[in-house]
Amino acid sequence: EVPADLAGFIHSFVAFAEKFPMSIVLSDMATPGNPMLHVNREFCRLTGFTKKETQGRNCRFLQGPKTEAASAAVIQDALRRGADCFVKITNYRKNG
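Model, not experiment: these values are computed from the prediction. (Residues numbered from 1 in each chain as written. Predicted model: local features only at pLDDT ≥ 70, side-chain atom pairs only at ≥ 80, totals over all residues. Heavy atoms only, no water.)

Caption draft 1: Representation of the state of the cysteines in the model. Throughout the structure, instances matching the rule amount to zero disulfides. With no disulfide of its own, Cys 44 lies closest to Cys 59 among cysteine sulfurs, the gap being 12 Å. Cysteine Cys 85 is unpaired, with the sulfur of Cys 59 as its nearest cysteine sulfur at 12 Å. We classify Cys 85 as partly exposed; its relative accessible area is 29%. (Disulfide = S-S within 2.5 Å. Buried < 20%, exposed > 50% of the residue type's maximum accessible area, 1.4 Å probe, protein only.)

Caption draft 2: Examining the layout of surface pockets more closely. Taken as a whole, the largest pocket holds about 1,300 Å³ of empty space. Taken together, 31 residues line the largest pocket, and the ones lying closest to its centre are Val 25, Cys 59, Ile 75, Ile 89 and Asn 91. Among the elements of the structure, strand 1 (25-27), helix 2 (41-47) and helix 4 (69-81) are those that each provide at least two residues to the lining of the largest pocket. A per-element tally of the lining of the largest pocket places helix 4 first, with six residues. Broken down by class, the residue content of the lining of the largest pocket amounts to 19 nonpolar, eight polar and four charged. (1 Å grid on protein atoms, 1.4 Å probe; cavity = no way out; pocket = protein on both sides within 12 Å on 5 of 7 lines; lining within 4 Å. Points joined across faces, edges and corners; volume = space filled by probe spheres on them. Helix = DSSP H or I, 4+ residues; strand = E, 2+ residues; numbered from the N terminus. Nonpolar A, V, L, I, M, F, W, Y, C, P; charged D, E, K, R; others polar.)

Caption draft 3: Structural view of helix 1 (residues 7-19). With 13 residues, helix 1 extends 19 Å from end C-alpha to end C-alpha; this agrees with the ideal 18 Å at 1.5 Å per step. Turning to helix 1, its buried residues are Ile 10, Ala 17 and Glu 18. What you see down the axis of helix 1 is that its buried residues fit within an arc of 100°, all on one side. Turned more than 90 degrees away from the buried face of helix 1 sit Phe 9 and Lys 19, all of them exposed. Where helix 1 is buried, its residues contact strand 1, strand 2 (36-39), helix 2 and helix 3 (51-54). (Expected span 1.5 Å × (residues − 1). Arc of directions from axis to C-beta. Contact = heavy atoms within 4.5 Å.)

Structure representation (structure tokens):
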């Protein structure tokens, strides 16, 4: 459920994200596990997962055997600190 004071912003952002030509994920950082609340069409096209399959899951489900552990650690640290980070990370599509 979207908090009332954020509803307008969230709905506007989602409408923009749907048309954006790059993959966008909106996660709930206030909930343990940081579940995904919304992924855009490009994310679905790129990964092969549907919106329904991603909702409520953490982005880590895209990781696999060749995912760089150091890159994942940098992302986790940046999220904990509320900081930006730039890394190369290997994620996996639904079909491998």
